[in-house]
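So you can see what is in the structure, the chains are spelled out below.
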Amino acid sequence: MRAIQIDETGDPDVMQWRELPDPEPGAGQVVVDVAAAGLNFIDTYQRTGLYPVPMPYVLGLEGAGVVAAVGDGVGRWSVGDRVAWPGSPGSYATKVALPAERVVAVPASVDLDQAAAIPLQGMTAHYLVTDTFAIGEGSRCLVHAGAGGVGLLLIQMAKLLGAEVFTTVGTAEKAELASAAGADHTILYRDVDFAEAISGIAGPRPLDVVYDGVGKTVFDQSLTLLRPRGMMVTFGNASGPVDPVSPLALSSNGSLFLTRPTLFDYIADRAELERRAADLYDWIGTGRLDVRIGHRFALADAADAHRAIEGRTTTGKVLLVVGD
């Protein structure tokens, strides 16, 4: 098989396109022929060393494909089944061995590119709006980076659940994408102070929750927009990790709640994993959720994909596609 592997941390140049031995399924595993792998910011964090990983390391935590082999003790899956997975290392490869209990079936109504685009970002958006802060009719939320992969999904899901959605984006093109996804108020953060703009629209401290995948550059101002006992949800570091926060800052801003969740604690058991996948695939299959694949790169060109996402030049989901 071929795979993208790193031996050291660093810039995208450390990513190597290599021939590696084909995986064999161990007990409780399936081997999948990968159709496409999803690119996520966590991949760049692992590559740079922000999130340490053992070396050498095959990047990639999500994808979709077709089961090619089944290990001992696996009764759920058969060769030829279409599956997707969130959170299993080694997905930047033409083949990957996966724990059978951590893959989900892909229904016929969803193609494999869509299936590869949704596990990490889709399930992240799902748990954020249904569990971390449960959006309801009339909730007011801010989604930072609304034209990104998670952002576009968050906007749509929040609207499905009845929210009024504010979002920040960097360009007019991205504003159009966020508006098309359903955002009620789109703020061009490079042109205006986003906190002033939101307060101008909705008054002081209008928000129930902020969903922040950007991190360092927007965190402090976001706190000033939350109502008393509102929730700050910081789930990503696109602009860098947030500086340490004093609990007194939460008190002085109105007894705020602060959480730094991660998907893997929200799909820890099989039932929860299947529930989130079922909702996502139902929404996609019935046309209520649009999975926008903004960019496709050949798997061998994964370094270029990393440069694009780190350069903030992408919109929607970025896929690494395995060729014939």
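Counting of residues starts from 1 at the beginning of each chain's written sequence and follows it residue by residue. Residue-level local features of this predicted model are given only where pLDDT is at least 70; pairs of side-chain atoms are given and counted only at 80 or more, and the full residue set underlies all totals for whole chains, interfaces and linings. Calculated side-chain values reflect all of the structure's heavy atoms, with hydrogen atoms and water omitted.

A. Fine view of the overall build of the protein chain. The helix count covers DSSP runs of H or I at least four residues long, the strand count covers runs of E at least two residues long, and both are numbered beginning at the N terminus. From N to C terminus, the protein chain includes 10 helices and 16 strands. Referenced to the eigenvectors of the C-alpha coordinate spread, the extents of the protein chain come out at roughly 60 × 40 × 35 Å. Whether a residue is buried, partly exposed or exposed follows from its accessible area with a 1.4 Å probe, protein chains only, as a fraction of its type maximum: under 20%, in between, or over 50%, in that order. Within the protein chain, the proportion of its 324 residues that are buried is 53%.

B. Here's a closer look at helix H9 (residues 270-285). Every helix has an expected span of 1.5 Å times one less than the residues it contains. The first and last C-alpha atoms of H9 sit 22 Å apart over 16 residues, in line with the 22 Å expected at 1.5 Å per residue. Among all positions of H9, only Arg270, Glu272, Leu273, Arg276, Ala277, Leu280, Tyr281, Trp283 and Ile284 are buried. Among the structural elements, strand S6 (82-86), strand S8 (104-105), helix H2 (112-117), helix H3 (119-132) and helix H4 (149-160) are those in contact with the buried residues of H9. When checking whether two residues touch, look at their non-hydrogen atoms; a contact exists if any pair is within 4.5 Å.

C. The layout of surface pockets, seen in detail. Using protein atoms alone on a 1 Å grid, points that fit a 1.4 Å probe yet trap it form a cavity, whereas open point sets bounded by protein on both sides within 12 Å along at least five of seven lines form a pocket; residues with an atom within 4 Å of a point count as lining. Grid points are joined across faces, edges and corners, and a volume is the space filled by probe spheres set on the points. Considering only enclosed or pocket space, the largest pocket measures out at about 890 Å³ in volume. Together, 44 residues line the largest pocket, and Phe41, Val150, Gly213, Phe235 and Gly236 are the ones closest to its centre. Of all the secondary structure elements, the ones that give two or more residues to the lining of the largest pocket are helix H1 (41-48), H3, H4, strand S10 (164-169) and strand S16 (317-321). Of the residues contributing to the lining of the largest pocket, the split by class is 22 nonpolar, 17 polar and five charged. Classification used: nonpolar for Ala, Val, Leu, Ile, Met, Phe, Trp, Tyr, Cys and Pro, charged for Asp, Glu, Lys and Arg, polar for all others including Gly.

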